[in-house]
Amino acid sequence: MIDYKQIIADKLSAPLDKAELSALITETADDSFGDYAFPCFKLARVMRKSPVQIAEELAAKFVTDDHIVKVQAVNGYLNFFVNRLELTWDIISDVIAARGRYGDSDMGKGKTVCIDYSSVNICKSFHIGHLSTTAIGSALYKIYSALGYNVVGINHLGDYGTQFGKMIVAFKLWGDQATAEKEGVKELQRLYVKFHQEEPNHPELTEQAREWFARIERGDPEAQQLFEFFKRVTLQEVKTIYDRLHVRFDSWNGESFFNDKMAEPLQMLRDKGLITESQGAQVVELGDYGMPPCLLVKSDGSSLYATRDIAAAIWRKQHYNFDKCLYVVAYQQNLHFKQFFKVLELAGCDWAKDLVHVAYGMVSLEDGAMSTRKGNVVLLKDVIDKAVSKANDIIADKNPDLDNRSDVAEQVGVGAVLFSALENSRIKDIVFSYDRILNFDGETAPYLQYTYARCNSILQKAPRTEGVSGDYRALDNAETLRLVKLIGSFPQAVRDAALKYEPSVISALLIDIAQAFNRFYIAHRVICDNPAHQIARLQVVDATASVLKRGLQLLGIGAPPQM
Ligand code: ARG
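Residues numbered from 1 in each chain as written. Predicted model: local features only at pLDDT ≥ 70, side-chain atom pairs only at ≥ 80, totals over all residues. Heavy atoms only, no water.

Which parts of the structure should I look at to understand the overall build of the protein?
Secondary structure assignment for the protein yields 22 helices and 13 strands. Across its three principal axes, the protein shows a C-alpha extent of roughly 90 × 65 × 40 Å. Counting over 563 residues, the protein shows a buried share of 53%. Contacts in the protein between residues far apart in sequence, at least 24 positions, make up 73% of those at least 6 positions apart. Looking at the protein as shown, the accessible area adds up to about 25500 Å², and 49% of this sits on carbon and sulfur atoms. Averaged over its 64 positive side-chain charges, the protein has a centre that lies 1 Å from the centre of its 72 negative ones. (Helix = DSSP H or I, 4+ residues; strand = E, 2+ residues; numbered from the N terminus. Buried < 20%, exposed > 50% of the residue type's maximum accessible area, 1.4 Å probe, protein only. Contact = heavy atoms within 4.5 Å. Areas by Shrake-Rupley, 256 points an atom, 1.4 Å probe, with all protein chains shown as cover. Lys, Arg positive; Asp, Glu negative; His and termini not counted. Charge placed at Lys NZ, Arg CZ, Asp CG, Glu CD.)

If you want it as structure tokens, here you go:
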């Protein structure tokens, strides 16, 4: 793409170096004020003149050319108008040349990013609370891959803890294999809840659970086998959802994987004098950093969540030599991450600065329903099913003759659910509403998908025009310029999404592009009786389709060709 900022910087005769000048130049928000603006406030300090005066002097001296065709001084700013047909064609030809992968780059070449996301808990249901980590983590996976990074997706399974001792006791008393196979996690949850109901009246259960947990730890075959069974039942269920969401992982090493990998890190922390005893427990004091102590070994000798996360971080560094390791986990765990990152930093791991907690807000449903400990959770599967069924109704109504309607409804329903976790800055809490996320005219995934399908149908319907070349003057208007500029900002949005760990940068741009496309389409006939104009406008439609599709792909959302 033509670097207009550079061209302007090179031609400005101002007493700052070129890189500094170029960094000060911004794109204008309003095209009527030109395409790029240069504020003269910084120069005012260097040149000891008013910005207004400087702008006027610089404007008078600036020599326009084929790229920068006009310059205006307005209130201490220099506004530059570029050759807009050149800019338009430059962007469109880049998009077309990228063949569906506009925005991809090799900026991450040779670098590895680990992304710890979704990280489900064995024997626990996969509920609406897991939506954000799954959607955001998976989008980041795709975004980083597009930028050439080597990405390792990690599902840090919650597969360790005393609760598995309780599960075994409950299963042996009240459960059976066939029911668990058939009912899945729901049955495992039922058993777990029953254990807690019975425990107050049958104190011996507590002791039995402790005993079974110890047997798991010892690697006792029966305990191991039962645990593996619970794991299989849970993962089978979760994986059908991952398949529907097109989410993938490269590693399923969860908490239990680190059981035999904690001794060394603990010894290292001891050797560095970081560990102190506190009421029989071993902790790292973090009072100097305004945090409570990080508990690493309980008085009974057992390890904790943080111990395993420390071991996991060290193992990942050794194993993958990551440049960054992201943890896509709810903000409720802020303290946990701050603590163990700090412990690693204090231990002299200089790479601790590369650990990033990618925090996000809570999801609740409109009717107030939310996941609770009591087992009345809103399953992600039910949310997806309901969204798909509603999408199916809407499509049946809008386009009853559509081929493979159920396939399209699946993509629309799943897309709507994913987009609800990707549309806003991730730290915001989400209140989930089916009507809102499935509104085909709202700022939603179905709106993006619908706009994409519309582009496709225009491209398909257009009569062939052999032997005519495009007349790009048909693109010299405000609506096309706005649309094309937004398209041209897509590569930067992909980079920003990665650098800020914020897929919503892409979502927001896609909505802007779809809206700009719809304004373009209302204002200009694409299929028209001037074949030269038609060709030029079709290329804008083609570029729009291509970027919408790529953007949806990066968010993990399908783009059905027809809707
Ligand atoms: N399983 C945990 C939970 O549900 C999330 C694990 C996140 N990853 C990590 N390395 N701590 O809360």
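What am I meant to see in the sheet that holds strand E2 (residues 36-39) here?
To summarise the sheet geometry, strands pair through backbone hydrogen bonds and adopt either a parallel or an antiparallel arrangement. Here four strands make up an open sheet; going across it, the order is E1-E2-E4-E3 and the pairing antiparallel. Edge positions in the sheet fall to strand E1 (26-27) and strand E3 (68-74), since each has one partner strand and no second. For E1 and E2, the ladder comprises two bridges, and the chain directions are antiparallel. Bridging across to E2, Thr26 finds its partner in Ala37. (Pairing = 2+ DSSP bridges.)

What should I look at first to understand the pattern of salt bridges in this one?
Opposite charge on two side chains permits them to pair, given that their charged atoms come into close proximity. Inspection of every chain in the model, using the stated rule, returns 31 salt bridges. Among the salt bridges present, the one from Lys186 reaches Glu183, with a minimum N-O distance of 3.4 Å. The exposure class of Lys186 is exposed, given its relative accessible area of 58%. The partner of Asp260 in a salt bridge is Lys261, and the shortest N-O contact between them spans 2.9 Å. Relative accessible area serves as the criterion here: at 63%, Asp260 is assigned to the exposed category. Judged by relative accessible area, which is 25%, Lys261 ranks as partly exposed. Several salt bridges converge on common partners, so that one network encompasses Asp31, Asp35, Arg84, Arg482 and Lys485. (Salt bridge = Lys/Arg side-chain N within 4 Å of Asp/Glu carboxyl O.)

Looking at this model, I keep getting lost on the site of the ligand. Mind explaining?
As a matter of local geometry, the ligand sits amid Asp116, Ser119, Asn121, His156, Tyr305, Asp309, Tyr327, Val329, Gln333 and Phe337. Within the side chain of Asp309, one N or O atom sits 2.7 Å away from a nitrogen atom of the ligand. Gln333 is positioned with one of its side-chain polar atoms (N or O) 2.8 Å from an oxygen atom of the ligand. For the ligand, the accessible surface in isolation is 350 Å², of which the surrounding protein chains cover 86%. Within the residue set of the shell around the ligand, elements represented by two or more residues are helix H13 (305-320) and strand E10 (324-330). Residues belonging to the shell around the ligand are distributed by class as follows: four nonpolar, four polar and two charged. (Near = heavy atom within 4 Å. Polar contact = N/O pair within 3.5 Å; in protein donor to acceptor, adjacent residues only side chain to side chain. Nonpolar A, V, L, I, M, F, W, Y, C, P; charged D, E, K, R; others polar.)

Just checking my understanding: could you explain unusual backbone geometry for this structure?
Residues other than glycine predominantly adopt negative phi, and peptide bonds predominantly adopt the trans conformation. Here Cys123, not a glycine, exhibits a phi torsion of approximately 75°, which is positive. Judged by its relative accessible area of 5%, Cys123 falls in the buried class. One non-glycine residue with positive phi stands out, namely His246, at about 55°. Within the fold, His246 resides in the loop between helix H11 (221-245) and helix H12 (263-271).

Worth remembering: the numbers are spatial, not functional.
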